[in-house]
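# Topology and contacts: notes
For reference, the chains in residue letters:
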Amino acid sequence: MIEQFTSYSTKLERLSNDELHRSAEKLVLGENTTLAKLIAHLAEMSSRKTALKLGYKSLYEYCITGLNLSEGAVPTRIHVANVSRRFPQLLVALAESRISLTVAALLAPHLTKDNVDKVISDCAGMKRKETEEYMVAFRPKPVFEPSIRKRPAPPVQVESPSPFPPSSSTPSAASVEAPKSSPPILQPAQPEVFNFRFSANRDFKDKLDRLAEVVGVENAQKNMAALLEKALDIALEKKDPKKKLERRRKRERASATTAPSRSNEIAREDEPAESRYIAAEVLERVHERGGYQCTYRAPDGRRCTARAGLHIDHSEPFGIFHSNEELILRLLCASHNGLEAERVYGPAFIQRKIDERGKARQARRS
Ligand SMILES: [Zn+2]
């Protein structure tokens, strides 16, 4: 490989500047064509849920881990992939190097059937800044709620100067589309210390002040970490299935001598269940058995890494078998839960359910 590149470089040395330029142009064209094709792949994978089926928790994670794309490169590609089926013009313009990926991603959320051709042709050759300005003129400026614009004092006083330059100082640029890449909210500062940065609304600040009063932390601003840690402990104590199970086992051990165990009752599950209700202690054991992580495995054995928003799923669908038996219950993330439901009941059925739920929600609101 090294030899190949050395001889390639030698070849380049012999080219005139003009030839060098044309050769680079050709490479960019090839690269953009490849990029457009890759994005078409992502769109197809997204519609088939390929990433989930291969055991990744999202298309994003698949791009990072499965394709080894750099983190910064993925959101724009997914952004464009999301709309590329409706507006294939975007991929054509990208492949023909008329617009860059950055510009394609900026335009993606604002395209409609009526404006797509004009927008793409207007933005040909534009850079990010020009495109942002174009979009402001093209669409009315978004109106920010005062509560969102108003930033409360930063939650943590970072001693060292911030590594993030302010996104913009001019008010006109500040009211352009929300920045596509917001700075990380969590950064290691020292081996055991992390810097947290985030903005939140007034409600958050009011709750924080109230929390400081309730849990008795003086000077909330200064003792933010201590205050939030208390809040986290309280939340985990209440919500974490692991904690709940620990508490229950403790209680059971304490009452083992006085009362018979209730686990025998739960074990009897021969008769068809009438409802999906599952006893809390069964839920906790299913969480424990699943290691508090999505248990979905792809055909090649890869296990989903999701640990947030886990659902209890019936490996034998409840709608068919009417059983809540503990051994058929398993832990799945929302995405894989949906994927399983789709596999069992078919995509059309699931879409109908989603639509029905949406309509019901809307009816309740109006
Ligand atoms: Zn999963």
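Residues numbered from 1 in each chain as written. Predicted model: local features only at pLDDT ≥ 70, side-chain atom pairs only at ≥ 80, totals over all residues. Heavy atoms only, no water.

## Here we look at the overall build of the chain
A tally of regular secondary structure across the chain gives 19 helices and 4 strands. Buried residues in the chain amount to 27% of all 366 residues. Long-range contacts, defined as pairs at least 24 residues apart, comprise 56% of the intrachain contacts of the chain with a sequence gap of at least 6. A total of about 25400 Å² of accessible surface is found on the chain, and carbon and sulfur atoms cover 55% of it. (Helix = DSSP H or I, 4+ residues; strand = E, 2+ residues; numbered from the N terminus. Buried < 20%, exposed > 50% of the residue type's maximum accessible area, 1.4 Å probe, protein only. Contact = heavy atoms within 4.5 Å. Areas by Shrake-Rupley, 256 points an atom, 1.4 Å probe, with all protein chains shown as cover.)

## Here's the deal with the environment of Pro75
Topologically, Pro75 is positioned in helix α5 (residues 74-84). Between the alpha carbons of Pro75 and Ala105 there is a distance of 8.7 Å; along the sequence they are 30 residues apart.

## Observations regarding the coordination of the zinc ion
Metal coordination angles in their ideal form are 109.5 degrees for the four-donor tetrahedron and 90 or 180 degrees for the six-donor octahedron. Surrounding the zinc ion are the protein donor atoms Cys294 (SG), Cys304 (SG), Cys333 (SG) and His336 (ND1), which sit 2.0 to 2.4 Å from the metal. Viewed at the metal, the 4 donor atoms of the zinc ion are separated by angles of 104 to 121 degrees, and the geometry they form is tetrahedral. Counting residues between consecutive donors of the zinc ion along the chain gives the motif C-x9-C-x28-C-x2-H. One end of the pair, Cys294, is in the loop between α16 (280-289) and β3 (311-314); the other, Cys304, is in the loop between α16 and β3, and 10 residues separate them in sequence. In this structure, Cys294 and Cys304 share a single accessibility class: buried. (Donors = N, O, S within 2.8 Å, 3.2 Å for Na, K, Ca; no water. Tetrahedral: all angles 85-135°; square planar, octahedral: opposite > 155°, others 65-115°.)

## Notes on α16
Within α16, the full set of buried residues consists of Glu281, Val282, Glu284, Val286 and His287. Residue Gly291 follows α16 closely and has a positive phi angle near 65 degrees.

## Observations concerning the confidence of the model for the chain
Interpreting fine coordinate detail is not advised for predicted regions of low pLDDT. With 81% of its residues at a pLDDT of 70 or more, the chain shows a mean pLDDT of 81. Per-element confidence in the chain ranges from a low mean pLDDT of 34 for helix α10 (residues 146-149) to a high of 96 for helix α6 (residues 89-95). Considering only residues more than four positions removed or in separate chains, one finds that residues 142-150, a stretch of pLDDT under 50, has 6 contacts. Contacts for the low-pLDDT stretch residues 260-269, under 50 throughout, to residues beyond four places or in other chains number 7 contacts. (pLDDT = per-residue confidence, 0-100.)

## So, the side chain of Asp313
Within the secondary structure layout, Asp313 lies in strand β3. By relative accessible area, which is 10% here, Asp313 ends up buried. Ignoring any residue separated from it by four or fewer positions in sequence, one finds Asp313 in contact with Ile328, Leu329, Arg330, Leu332 and Asn337.

## A closer look at the nonpolar core
Counting 38 residues, the largest nonpolar core has Ile39, Val80 and Leu90 as its most contacted members. Elements with a minimum of two residues in this core: α2 (17-48), α4 (59-66), α5, α6, α7 (101-107), α8 (116-122) and α9 (128-138). Broken down by element, the residue count for this core peaks at 6 residues, all from α2. Core analysis: the second largest hydrophobic core is formed by 10 residues, Cys294, Cys304, Leu331 and Leu339 among them. (Core = buried A, V, L, I, M, F, W, Y, C linked by side-chain atoms within 4.5 Å.)

## Here we look at a positive patch on the surface
Together, Arg357, Arg361, Arg364 and Arg365 give the surface a local cluster of positive charge. Mapped onto the elements of the fold, Arg364 is located in helix α19 (residues 347-365). Its relative accessible area of 63% is what places Arg364 among the exposed residues. (Patch = residues over 30% accessible without salt bridge, like charges linked within 9 Å, V, L, I, M, F, W, Y side chains within 5 Å. Salt bridge = Lys/Arg side-chain N within 4 Å of Asp/Glu carboxyl O. Lys, Arg positive; Asp, Glu negative; His and termini not counted. Charge placed at Lys NZ, Arg CZ, Asp CG, Glu CD.)

## Comments concerning the packing of helix α18 (residues 334-345) against α19
Relative to each other, α18 and α19 sit at 120 degrees, their axes nearing to 6 Å. The orientation of α18 relative to α19 falls into the category oblique. Contacts between α18 and α19 involve Ala341, Glu342 and Tyr345 from the first element and Pro347, Phe349 and Ile350 from the second. Its residues assigned to classes, the contact of α18 with α19 shows 5 nonpolar, no polar and 1 charged. (Axes fitted to C-alpha atoms, helices over the stretch in contact; angles between N-to-C directions. Parallel < 35°, antiparallel > 145°, perpendicular 65-115°, else oblique. Nonpolar A, V, L, I, M, F, W, Y, C, P; charged D, E, K, R; others polar.)

## Focus on the pattern of salt bridges
Inspection of the entire model under this criterion finds 18 salt bridges. Between Glu342 and Lys49 there is a salt bridge; the shortest N-O distance is 2.6 Å. A residue pair is termed long-range when its members are at least 10 positions apart, and Glu342 in helix α18 and Lys49 in the loop between α2 and α3 (50-53) qualify at 293 residues. The exposure class of Lys49 is partly exposed, given its relative accessible area of 27%. For Asp313, the salt bridge is made with Arg330, and the minimal N-O distance between the two is 2.8 Å. Of the two residues, Asp313 is situated in strand β3 and Arg330 in strand β4 (residues 329-332); the sequence distance between them amounts to 17 residues.

## Regarding the packing of α2 against α5
Orientation of α2 relative to α5, taken along the N-to-C sense of each, is 65 degrees, at an axis distance of 8 Å. In terms of orientation, α2 lies roughly perpendicular with respect to α5. When the axes of α2 and α5 are compared, the crossing they make is right-handed. Taking contact as the criterion, the partners of Leu35, Leu38, Ile39, Leu42 and Ala43 in α2 are, on α5, Arg77, Val80, Ala81 and Ser84. Split into classes, the residues belonging to the contact of α2 with α5 amount to 7 nonpolar, 1 polar and 1 charged. (Left-handed = near helix turned anticlockwise from the far one by under 90°.)

## Concerning the packing of aromatic side chains
Within the structure shown, the criterion is met by 3 aromatic pairs. Arranged with centres 6.3 Å apart and planes meeting at 80 degrees, the rings of Phe5 and Tyr8 form a pair that is edge-to-face. Here the residue Phe5 and the residue Tyr8 both occupy positions in helix α1 (residues 2-13), the gap between them amounting to 3 residues, near one helical turn. Of the residues examined, Phe5 reaches a relative accessible area of 48% and is grouped as partly exposed. Judged by relative accessible area, Tyr8 falls into the partly exposed class, the value being 33%. Summarising the aromatic geometry, the rings of Tyr56 and Tyr62 are spaced 5.3 Å apart at their centres and angled 75 degrees between planes, so their arrangement reads as edge-to-face. For Tyr56, a relative accessible area of 9% corresponds to the buried category. (Phe/Tyr/Trp six-rings, centres within 6.5 Å; stacked < 30°, edge-to-face > 60°.)

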